[in-house]
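Observations on the model geometry
Listed here are the chains, written in short residue letters.
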Amino acid sequence: MATVYSQYAWLVPVFPLAAFLILTAFGRGLKQTGAIVAVLGSFGALALSALVLIEHLGGADEYNDSFHWIKIGGYALTAGFDVTNLTALMLVVVSLVAFLVNIYSMGYMKDDERMTVFFGYVALFTFSMLGLVLADNLLTLYIFWELVGVCSFLLIGFWYQKPEAKAAAKKAFIVTRIGDVGLLIALLLLFWYMPDHDLSFAAIENVFGQTGLITEGITTLIAILIFVGAVGKSGQFPLHVWLPDAMEGPTPISALIHAATMVAAGVFLVARTFPIFEASQAALDTVAWVGAFTAIFAASIAIAQNDIKRILAYSTVSQLGYMMMAIGLGSVTAGMFHLFTHAFFKALLFLGAGSVIHAVHTQDIHEMGGLGKTMKTTAWTFAIGALALAGIPPLSGFWSKDAILAEALHANPALFVVGIAAAFLTALYMSRLFFLVFAGNPKAGGEAHESPATMTVPLIVLAVLAVIAGFVEMPFSGTGWFGEWLTGHAAEHEGAALVMLVSTAIGLLGIYLGWLIYVKGAISRDVVTSRAPWLTRMLERKYYIDEIYHAVFTVSLRAIGRACDAFDRHVVGGAVRLAGGAAFWTGRAATRMQSGQPQSYGLYVVIGLVILVAAIAGRRFW
Amino acid sequence: MSGFYINWSGELVAFFAFAVIMIVGAVLMLTLTKVVHMVVSLAAVFLGLGGMFVVLEAEFVAFVQVLIYAGAITILMIFGIMMTHHQAVQHEPARPVHEIVSAVASILLFGILFYAIRTTEFEPSAPPLQAGVDNAMEIGKQLYTQHVIPFELVSVLLTVAFIGAIVIAKKEAE
Amino acid sequence: MLSSYLTMAAILFCIGLYGALSKRNAVIVLMSVELMLNAVNLNLVAFSKYGVLPSLTGQIFSLFTISVAAAEVAVGVAILIALFRARGVVNVDEFNEMRR
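The name given to chain B in an unreviewed UniProt entry is NADH-quinone oxidoreductase subunit J, and the organism recorded there is Thermobacillus xylanilyticus. Within the UniProt record for chain B, the comment given under Subcellular location (unreviewed entry) is "Cell membrane". What UniProt states about chain B under its Catalytic activity (unreviewed entry) heading is, verbatim, "a quinone + NADH + 5 H(+)(in) = a quinol + NAD(+) + 4 H(+)(out)".

Looking up chain A in an unreviewed UniProt entry gives the name NADH-quinone oxidoreductase chain L, with the organism given as Thermobacillus xylanilyticus. Checking UniProt for chain A, the heading Sequence similarities (unreviewed entry) contains the comment "Belongs to the CPA3 antiporters (TC 2.A.63) subunit A family."

Moving on, we get to the overall build of chain B. Regarding its fold elements, chain B presents six helices and zero strands. Element order for chain B, N to C, with α for helix and β for strand: α-α-α-α-α-α. Across the 174 residues in chain B, those meeting the buried criterion constitute 33%. Considering only intrachain contacts with a sequence separation of at least 6, the fraction spanning at least 24 residues in chain B is 60%. Carbon and sulfur atoms form 74% of the exposed surface of chain B, whose accessible area is close to 10,500 Å².

Attention shifts here to a negative patch on the surface. All names here are of chain A. Negative charge collects at one region of the surface, where Asp 61, Glu 62, Glu 205 and Glu 278 lie side by side. In this fold, Glu 205 is placed in helix α7 (residues 201–209). What makes Glu 205 exposed here is its relative accessible area of 52%.

A common way to report how large an interface is uses the accessible area buried once the components associate. Across the boundary between the two partners, chain B contributes nine residues, which contact 11 residues of chain A. For the pair chain B and chain A, the summed buried area comes to about 810 Å², and 75% of that belongs to carbon and sulfur atoms. In this assembly, chain B and chain A are joined by zero salt bridges. The interface formed by chain B and chain A contains zero residue pairs in polar contact (both at pLDDT 80 or more). Considering only residue class, the side of chain B that touches chain A consists of six nonpolar, two polar and one charged.

We now examine the packing of aromatic side chains. If you walk through the whole model with that rule in mind, you get 27 aromatic pairs over all chains. With centroids separated by 6.4 Å and ring planes inclined at 20°, the aromatic side chains of Phe 382 of chain A and Phe 434 of chain A adopt a geometry described as stacked. Of this pair, Phe 382 of chain A sits in helix α17 (residues 376–390) while Phe 434 of chain A sits in helix α19 (residues 413–438), placing them 52 residues apart in sequence. In this pair, the class of Phe 382 of chain A matches that of Phe 434 of chain A, namely buried. Centroid distance Phe 110 of chain B to Phe 114 of chain B: 5.7 Å. Interplanar angle 25°. Geometry classified as stacked. Placement of the pair is Phe 110 of chain B and Phe 114 of chain B together in helix α4 (residues 96–119), with a separation of four residues, close to one helical turn. We classify Phe 110 of chain B as partly exposed; its relative accessible area is 23%. On the basis of relative accessible area, Phe 114 of chain B is assigned to the partly exposed category, the value being 33%.

Quick look at the packing of helix α2 (residues 26–50) of chain C against helix α3 (residues 57–87) of chain C now. Residue and element names in this part refer to chain C. Running from N to C, α2 and α3 cross one another at 175°; their axes reach a closest spacing of 9 Å. Judged by the angle between their axes, α2 and α3 are roughly antiparallel. Of the residues in α3, those touching α2 at Ala 26, Val 27, Leu 30, Val 33, Glu 34, Leu 37, Asn 41, Leu 44, Val 45 and Ser 48 are Gly 58, Gln 59, Phe 61, Ser 62, Thr 65, Ile 66, Ala 69, Glu 72, Val 73, Gly 76, Val 77 and Leu 80. For the contact of α2 with α3, the per-class residue count stands at 13 nonpolar, seven polar and two charged.

Before going further, it helps to examine the UniProt feature "transmembrane region" (unreviewed entry) in chain B. All names here are of chain B. As recorded in UniProt, the feature "transmembrane region" (unreviewed entry) lies at residues 12–32, 39–56, 62–84, 96–117 and 148–169. End C-alpha to end C-alpha, residues 39–56 measures 26 Å, and it is 94% helix and 0% strand. Overall, residues 96–117 shows 100% helix and 0% strand. The separation of its end C-alpha atoms is 31 Å.

Attention now moves to the pairing of strand β1 (residues 63–72) of chain A. For β1 of chain A and strand β2 (residues 75–83) of chain A, the ladder comprises nine bridges, and the chain directions are antiparallel. Each residue of the ladder has a partner; that of Asp 65 of chain A, found in β2 of chain A, is Phe 81 of chain A.

Between its first and last C-alpha, helix α18 (residues 396–411) of chain A extends 23 Å over 16 residues, near the 22 Å set by a 1.5 Å rise per residue. With 13 of its 16 residues buried, α18 of chain A lies for the most part within the structure.

In this section: the interface of chain B and chain C. Taken together, the contact pairs 81 residues of chain B with 71 residues of chain C. Taken together, the two surfaces of chain B and chain C that pack against each other cover about 6,900 Å², and 78% of this comes from carbon and sulfur. Among the residues of chain B in contact with chain C, Leu 30, Leu 56 and Leu 129 of chain B are the three that bury the most area, contributing 9% of the side total. For the pair chain B and chain C, the number of links is one salt bridge. Across the pair Glu 57 of chain B and Lys 49 of chain C runs a salt bridge, and its minimum N-O distance is 3.1 Å. For the pair chain B and chain C, the number of links is nine residue pairs in polar contact (both at pLDDT 80 or more). Secondary structure elements with two or more residues in the side of chain B that touches chain C: α1 (10–31), α2 (35–55), α3 (59–83), α4, α5 (135–144) and α6 (148–169) of chain B. Looking at the side of chain B that touches chain C element by element, the count peaks at 12 residues for α3 of chain B. Residues belonging to the side of chain B that touches chain C are distributed by class as follows: 57 nonpolar, 14 polar and 10 charged.

Moving on to the side chain of Ser 102 of chain B. Note that Ser 102 of chain B resides in helix α4. Judged by its relative accessible area of 0%, Ser 102 of chain B falls in the buried class. Residues contacting Ser 102 of chain B, with those up to four places away along its chain left out, are Leu 603 of chain A together with Tyr 18, Leu 21 and Ser 22 of chain C.

With that settled, the discussion passes to the nonpolar core. By size, the foremost hydrophobic cluster in this structure holds 205 residues, and its most contacted members are Leu 190 and Phe 277 of chain A. Per-element tally for this core: the top contributor is helix α15 (residues 332–360) of chain A, with 19 residues. Setting aside residues up to four positions removed in sequence, Phe 277 of chain A forms contacts with Ala 223, Ile 226, Phe 227, Val 270, Ala 283, Leu 284 and Val 287 of chain A. If you look at the next biggest cluster of nonpolar residues, it comprises 64 residues, including Met 8, Leu 12, Ile 60 and Phe 64 of chain C.

This part takes up the confidence of the model for chain A. Considering every residue of chain A, the mean pLDDT works out to 83; 93% of them sit at 70 or more. Across chain A, the element-wise mean pLDDT spans from 67 in helix α23 (residues 527–531) of chain A up to 89 in helix α5 (residues 138–156) of chain A.

All names here are of chain A. Contact geometry of helix α14 (residues 308–328) with α19 gives a least axis separation of 11 Å together with a crossing angle of 160°. It follows that α14 is roughly antiparallel to α19 by the angle criterion. Where α14 crosses over α19, the two elements pack in a sense that is left-handed. Residue-level inspection shows Ile 308, Ile 311, Leu 312, Ser 315, Ser 318, Gln 319, Tyr 322 and Met 325 of α14 in contact with α19, the latter providing Leu 415, Gly 419, Ala 422, Ala 423, Thr 426, Tyr 429, Met 430, Arg 432, Leu 433 and Val 437. Of the residues contributing to the contact of α14 with α19, the split by class is 12 nonpolar, five polar and one charged.

The next thing to look at is the pattern of salt bridges. All names here are of chain A. Summed over all chains, the structure comprises eight salt bridges over all chains. Residue Lys 162 is joined to Glu 248 by a salt bridge in which the shortest nitrogen-to-oxygen separation is 3.3 Å. On the criterion of sequence distance, the pair formed by Lys 162 in the loop between α5 and α6 (163–193) and Glu 248 in the loop between α9 (242–245) and α10 (251–260) is long-range, its members being 86 residues apart. Take Lys 162: its relative accessible area is 30%, and that puts it in the partly exposed class. One salt bridge connects Asp 180 with Arg 177, and the closest N-O pair in it is separated by 3.6 Å.

Residue and element names in this part refer to chain A. In this structure, Thr 126 sits in helix α4 (residues 115–134). In this structure Thr 126 comes out as buried when scored by relative accessible area, which is 2%. In this structure the C-alpha to C-alpha distance between Thr 126 and Phe 15, which are 111 residues apart in sequence, comes to 9.3 Å. Among residues more than four places away in sequence, those in contact with Thr 126 are Pro 16 and Ala 98.

The rules behind these values
- Residues numbered from 1 in each chain as written.
- Chains lettered and ligands numbered in written order.
- Predicted model: local features only at pLDDT ≥ 70, side-chain atom pairs only at ≥ 80, totals over all residues.
- Heavy atoms only, no water.
- UniProt positions renumbered as here; feature names shortened; annotations may be inferred.
- Helix = DSSP H or I, 4+ residues; strand = E, 2+ residues; numbered from the N terminus.
- Buried < 20%, exposed > 50% of the residue type's maximum accessible area, 1.4 Å probe, protein only.
- Contact = heavy atoms within 4.5 Å.
- Areas by Shrake-Rupley, 256 points an atom, 1.4 Å probe, with all protein chains shown as cover.
- Patch = residues over 30% accessible without salt bridge, like charges linked within 9 Å, V, L, I, M, F, W, Y side chains within 5 Å.
- Salt bridge = Lys/Arg side-chain N within 4 Å of Asp/Glu carboxyl O.
- Lys, Arg positive; Asp, Glu negative; His and termini not counted.
- Charge placed at Lys NZ, Arg CZ, Asp CG, Glu CD.
- Buried area = accessible area lost by both parts, 1.4 Å probe.
- Polar contact = N/O pair within 3.5 Å; in protein donor to acceptor, adjacent residues only side chain to side chain.
- Nonpolar A, V, L, I, M, F, W, Y, C, P; charged D, E, K, R; others polar.
- Phe/Tyr/Trp six-rings, centres within 6.5 Å; stacked < 30°, edge-to-face > 60°.
- Axes fitted to C-alpha atoms, helices over the stretch in contact; angles between N-to-C directions.
- Parallel < 35°, antiparallel > 145°, perpendicular 65-115°, else oblique.
- Pairing = 2+ DSSP bridges.
- Expected span 1.5 Å × (residues − 1).
- Core = buried A, V, L, I, M, F, W, Y, C linked by side-chain atoms within 4.5 Å.
- pLDDT = per-residue confidence, 0-100.
- Left-handed = near helix turned anticlockwise from the far one by under 90°.

Structure below.
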């Protein structure tokens, strides 16, 4: 089928870019109008990407267009865009969430003085993220990859008056940078080994699709390095530490960047370069196990946290682990499906959390309670998001998580067990969060009231999406068109009935346990704390990962830095001081020479003459 | 030039005699303590130089040398010493470093000059000038023909110096 | 024979140089300068007889030098007298106006 809108897909990122430029140029004078500019920008992107998606749902061909960016001799570096079913879907997800977050922010950030700056950053981020999705080769992707990193840094540190926000922004930037270096090295290796130095995804698929063109060792190395980049961006263990701290940023940012889009970029990157991973079983296993470990590891930390946003952040880390696991198991379909549904319900949860924080001005869930009575819309939509996350049918999270678990059961039962355990923990911490915040009696003075419509409408839209997004791919015969459309492979259906049964049971069990502990009080809240206080403390301290990093990296780096500083201060600085001192003392001596006595001057002239003649005549003897 | 073979011609004997007078006079000038004695030894140097000019067959220059240097300039020096009420005895040197460095520099310079003189080959394109006959007349002819402009300029210079010296040295009007 | 005269002139010049550089009394410095000028005169006259191009010009030049030296001494002594009148001393090392 001919493409109509796909060839204009490059315009999608242009809308938010225009919004960013307008906001940056005229920001100060705009105030409330600035928000409208940003909303219009993201709406333009949404409308066009929706048209592109509809076209592709109708079966449009893949479209690619690129231009020569840099020409060096016979080699040309290209930049361009790729419209496939996958990118079309991602375009809609990104622009839809961005659009809703923009609307939500109009309410949430209403009283902030730097509102237009905020919307400018958001627009820049939207542009970068859409560019990342559209990029048709790794280098272009890498540029946008760094751009989203910068936007993330700017937005985490948006309230730079808070020292925690500043530290968190720095941490996020530095930790993701470790991953980015991996990606950069992978990029250089690919550039070196690819025929014609072609970095486009089409060429990658071509080359790695056939065996023998690139040796297995190099393939594994490249794949692992790309995965390191994805680990940094998607907050996988061991580089997950920045994501919970990133919650110091404004809540809409947490929803947009640190739940729905940017952190999913790592998953998207692995999906996009999947042919490389496919060519190396070792790399796939690494991805699967790191993902699975992250899933259960982050979920266990989430149980012991008290900050509403941090719980959601660890939940995000855990769910990203799920996605990685799915891709590592060889099913891009399941991973992308979960990414798709997760984007909606996690954005919903964050925006709901933002609505709660907006109302009670605290982030500690123990200081909340009974908000379900006063904030009905927030409570209901939050409940939908929580149930979707916990994997309760028929909400979207259930279907996507099911696809992953079915894949795991089919490919690696050990990973299936890990996935089920993580699902149980997920259900448990979500019920704990929900019941502590919305059930029980009000604690925060009772002044909480429902947020304005600009904030609740996005919640409702996202709640609807969180309910229905899963229906595109159900494990019943004849309904698996989504996977077929997206990657050409349907999700795994074998043993689906068993998986559905087990995961539903586990999810309900987790919620029931949470209800018993936090609502009914049938089980004491301290049941674990009293028996094994070390366990609670360990979970509260996030397995001491931050402390370990501090001890291992920060302290040793600081020691090296101190040594370098000492070297600089004493050796380099000493040399500099020596040079300066030499000049100074020479000057002192020269000053003494200027005695004002003509005889001294005459003497200097004679000495100079003698030296000059000796130097000129002396050359004869050498 | 070569070796230590010395041809004891009359010129050489006279040269050595005058050279001894001059060097002794110059050294005495620097070493004597009484200023008046210094002036007297300086006059000896001037006279010795005049004699050397005679040996070089430059009788007119020798005459001028004795007249101006040994006469006028020595007298001027004595006048200068008298006018500045100088204590008759020179002080012991208060700047040993300065003196030593000066001496070393002077000796080094002499070494260089001496080396240059010894190594340079002077090859006259003509036999030595025999200016002994009518020396004064020849100089007079050249002064008033070839060098008349410098000669007149020197007269102006002398006049200016004469007036200037009077202006500088005269007591300021109260 | 020429090199003997030149050596003689060099000796005279260097003695004069040493005196001009080291003596404190301005009058003696002036006398040392005269010594140096005399050394130059000796050179001129020696070259006029034994030089590469023997001619009378060397003697005429030495006459000019002598007249300039006479003018110089006259002005120099006058300056010394004026200085003495102003400062009371004629020690060279006490004049350091050039420093400012």
